[in-house]
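Analysis of the macromolecular model
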Amino acid sequence: MSFYGWSKVDAFFEAWTDAGFKPVGHLVWQKGYASRAGYLRARHEQAYLLVKGNPQRPAKPLDDVRKWEYSGNRFHPTEKAVSILTPLIQGFSQPGSIVLDPFSGSGSTAVAATLCGRRYLGIELEEKYVTYARNRLDGASRYVRGKTTSAA
Ligand SMILES: C[S@@+](CC[C@H](N)C(=O)[O-])C[C@H]1O[C@@H](n2cnc3c(N)ncnc32)[C@H](O)[C@@H]1O
């Protein structure tokens with residue numbers, strides 16, 4: 001799954017194709033607010049679903065038009081809400097599998113993976129965001145451990 005900036009779609013497509021991916025779906029999230037205004041009021045986010053080979057399709061495919069939720073950008077200027085990511089992780093991975101986010105920012109993907117019972121790999125250039133992500137992940141792991149313990 002690759003979120004992307006629509007004005008750079010040609011560069012994204014070149015990179016995806018060079019890496020051996022092919023698009024099999026496109027998702028649009030509708031925002032209840034405009035994140036900026038120019039020729040248009042920007043009220044959507046978008047991502048391509050990309051595959052290599054012919055992986056198994058989900059038993060219950062997700063809708064490709066979805067409702068955006070604002071994260072509050074507390075830890076990162078483009079922070080995604082965990083609730084945006086959890087359906088994607090549940091739809092396209094199995095419990096215990098590894099979710100990779102090579103541009104992990106505030107760590108929302110890794111937090112969502114933890115809450116979904118997946119493992120994660122996050123890569124981030126800026127140290128301050130790595131620190132935020134680690135702190136958030138400590139909280140998410142404690143939450144999951146607490147739930148597991150009380151259920152046992
Ligand atoms: C759009 S933000 C990701 C935000 C993230 N999804 C979140 O919810 O917080 C992209 C991130 O990629 C990081 N980044 C940019 N180039 C990178 C690189 N070459 N390697 C690792 N991280 C990189 C940036 O520092 C930035 O935090």
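Please read these numbers as outputs of a predicted model, since none were measured by experiment.

1. Some words on the site of the ligand
Lining the immediate surroundings of the ligand are 15 residues, of which H76, K80, S106, E124 and L125 lie closest. Residue K80 places a main-chain N or O atom 2.8 Å away from an oxygen atom belonging to the ligand. Within the side chain of E124, an N or O atom sits 2.6 Å from an oxygen atom of the ligand. Protein chains shield 71% of the accessible area of the ligand, which is 600 Å² for the free molecule.

2. Concerning the environment of S2
Tracing the backbone shows S2 in strand β1 (residues 2-3). Separated by 24 residues in the primary sequence, S2 and H26 have C-alpha atoms spaced 9.5 Å apart. Beyond its immediate chain neighbours, meaning those up to four positions away, S2 contacts F12, W16, Q46, A47, Y48 and L50. A distance of 3.3 Å separates polar atoms of two side chains, one belonging to S2 and the other to W16.

3. Things to note about the pattern of salt bridges
The final tally for this structure, using the stated rule, is two salt bridges. A salt bridge links E45 to K31, with the nearest nitrogen and oxygen atoms 2.6 Å apart. Pair noted here: E45 is in strand β3 (residues 44-51) and K31 is in the loop between β2 (22-30) and β3, with a separation of 14 residues, a long-range link. Take K31: its relative accessible area is 4%, and that puts it in the buried class. Residue E79 is joined to R136 by a salt bridge in which the shortest nitrogen-to-oxygen separation is 3.9 Å. In this pair, E79 sits in the loop between β4 (65-67) and α2 (82-92) while R136 sits in helix α4 (residues 127-151), placing the two residues 57 residues apart along the sequence.

4. Quick notes on the layout of surface pockets
Roughly 210 Å³ of volume is contained in the second largest pocket. Lining the second largest pocket are 15 residues; nearest its centre among them are S104, Y120, G122, A133 and L137. Breaking the lining of the second largest pocket down by element, the ones donating at least two residues are β5 (98-101), α3 (108-115), β6 (119-122) and α4. By residue number, the principal contributor to the lining of the second largest pocket is α4, which donates four residues. Residues of the lining of the second largest pocket, tallied by class, amount to eight nonpolar, four polar and three charged.

5. A short note on the packing of aromatic side chains
One pass over the structure, following the stated rule, counts 12 aromatic pairs. Their ring planes at 35° and their centres at 5.3 Å tell us that Y4 and Y48 sit as a pair that is tilted. With Y4 in the loop between β1 and α1 (9-18) and Y48 in strand β3, this pair connects stretches of sequence that are 44 residues apart. Residue Y4 is classed as buried on the basis of its relative accessible area, which comes to 11%. Overall, Y48 belongs to the buried group, its relative accessible area being 16%. Here the aromatic residues Y4, F12, F13, W16 and Y48 are joined through ring pairs into a cluster of three or more. Just above the ring of W68 sits the side chain of K31; from NZ or CZ to the centre is 5.6 Å.

Parameters and conventions
Residues numbered from 1 in each chain as written. Predicted model: local features only at pLDDT ≥ 70, side-chain atom pairs only at ≥ 80, totals over all residues. Heavy atoms only, no water. Near = heavy atom within 4 Å. Polar contact = N/O pair within 3.5 Å; in protein donor to acceptor, adjacent residues only side chain to side chain. Areas by Shrake-Rupley, 256 points an atom, 1.4 Å probe, with all protein chains shown as cover. Helix = DSSP H or I, 4+ residues; strand = E, 2+ residues; numbered from the N terminus. Contact = heavy atoms within 4.5 Å. Salt bridge = Lys/Arg side-chain N within 4 Å of Asp/Glu carboxyl O. Buried < 20%, exposed > 50% of the residue type's maximum accessible area, 1.4 Å probe, protein only. 1 Å grid on protein atoms, 1.4 Å probe; cavity = no way out; pocket = protein on both sides within 12 Å on 5 of 7 lines; lining within 4 Å. Points joined across faces, edges and corners; volume = space filled by probe spheres on them. Nonpolar A, V, L, I, M, F, W, Y, C, P; charged D, E, K, R; others polar. Phe/Tyr/Trp six-rings, centres within 6.5 Å; stacked < 30°, edge-to-face > 60°. Lys NZ or Arg CZ within 6 Å of the ring centre and 35° of its normal.

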